[in-house]
Amino acid sequence: MINGIIYKEEKKQEFNTLSFFLMIYSCPISLNRSDSTIARLNAFYITILLIVFFFTQTLFFLTVILLEYFFKIKNCGQFAPISALSLLTQKIFKLPKKLIDDEPKKFARYLGFAMSIVLLIFSLNNLFLGVIIINIIFLFCTTLEASIDYCIGCKFYSLLFSK
């Protein structure tokens with residue numbers, strides 16, 4: 001019986017090593033890590049700003065979201081307003097850090113930046129149907145990230161860049 005348990009554990013370890021190498025082969029990863037808790041808090045605050053923008057059509061809220069993604073893409077996260085609020089929230093409520101691979105999140109940030117630009121262009125050109133559609137898609141993505149830690153941009157990354 002003991003030999004059987006040891007054998008199962010060895011087999012399990014062998015499987016984990018194999019799955020790790022398969023993951024490296026199938027999905028590009030980086031050595032950079034990001035905090036999933038901060039990403040979820042960012043998504044929560046962006047969801048709130050998108051809802052306020054949806055009802056008020058005030059470009060200030062959209063500009064804050066656009067600046068957030070711009071600073072994150074340019075690796076100047078210390079200037080990102082929503083990230084600063086998320087870090088403060090994490091510190092106040094003593095939320096745990098959960099480090100994850102940064103490459104899929106980086107791709108998701110580019111998608112968020114693109115959706116923010118499209119929302120801004122549609123808003124400035126009074127294309128209300130386009131604003132509604134993009135805003136709903138954006139809200140869907142950020143709500144999933146904030147509520148159940150499901151990153152749609154990360155899933156697209158896995159589909160696009162897997163070998």
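Residues numbered from 1 in each chain as written. Predicted model: local features only at pLDDT ≥ 70, side-chain atom pairs only at ≥ 80, totals over all residues. Heavy atoms only, no water.

### As for the overall build of the chain
(1) Moving on: Counting its regular elements, the chain contains seven helices and two strands.
(2) Moving on: For the chain, the α and β elements follow one another from N to C terminus as α-β-α-α-α-β-α-α-α.
(3) Moving on: Out of the 163 residues in the chain, the part that is buried amounts to 36%.
(4) Moving on: For the chain, the proportion of contacts with a sequence separation of at least 24, taken over those separated by at least 6, is 73%.
(5) Moving on: Accessible area of the chain: about 10,700 Å², with a carbon and sulfur share of 72%. (Helix = DSSP H or I, 4+ residues; strand = E, 2+ residues; numbered from the N terminus. Buried < 20%, exposed > 50% of the residue type's maximum accessible area, 1.4 Å probe, protein only. Contact = heavy atoms within 4.5 Å. Areas by Shrake-Rupley, 256 points an atom, 1.4 Å probe, with all protein chains shown as cover.)

### Notes on unusual backbone geometry
(1) Moving on: Located in the positive-phi region is N75, a residue other than glycine, with phi close to 60°.
(2) Moving on: Assignment of secondary structure puts N75 in the loop between helix 3 (59-73) and helix 4 (81-93).
(3) Moving on: According to the relative accessible area criterion, N75 is exposed, its value standing at 65%.
(4) Moving on: Phi is positive for K94, which is not a glycine, with a value near 50°.
(5) Moving on: Here K94 is to be found in the loop between helix 4 and strand 2 (99-101).

### Here we look at the packing of aromatic side chains
(1) Moving on: Throughout the structure, instances matching the rule amount to ten aromatic pairs.
(2) Moving on: Here the aromatic cluster, defined as three or more aromatic residues joined through ring pairs, consists of F70, F71, F79 and F113. (Phe/Tyr/Trp six-rings, centres within 6.5 Å; stacked < 30°, edge-to-face > 60°.)

### A few points about the pattern of salt bridges
(1) Moving on: Counted according to the given criterion, the structure contains five salt bridges.
(2) Moving on: Put simply, D102 and R109 hold a salt bridge, and the shortest N to O gap is 3.1 Å.
(3) Moving on: Judged by its relative accessible area of 10%, D102 is buried.
(4) Moving on: Two residues, K105 and E145, come together in a salt bridge whose shortest N-O distance is 2.9 Å. Taken as a pair, K105 in helix 5 (residues 102-124) and E145 in helix 6 (residues 128-148) lie far apart in primary sequence, 40 residues in all. For the pair shown, K105 and E145 are each scored as buried. (Salt bridge = Lys/Arg side-chain N within 4 Å of Asp/Glu carboxyl O.)

### Overview of the state of the cysteines
(1) Moving on: Tallied over the entire structure, the rule returns one disulfide.
(2) Moving on: The partner cysteine of C151 in its disulfide is C154, sulfur to sulfur 2.5 Å. Here the S-S torsion is close to 70°, and the disulfide linking C151 with C154 is therefore right-handed.
(3) Moving on: In this model C141 remains outside any disulfide bridge; the closest cysteine sulfur is found in C151, 8.3 Å from its own. (Disulfide = S-S within 2.5 Å.)

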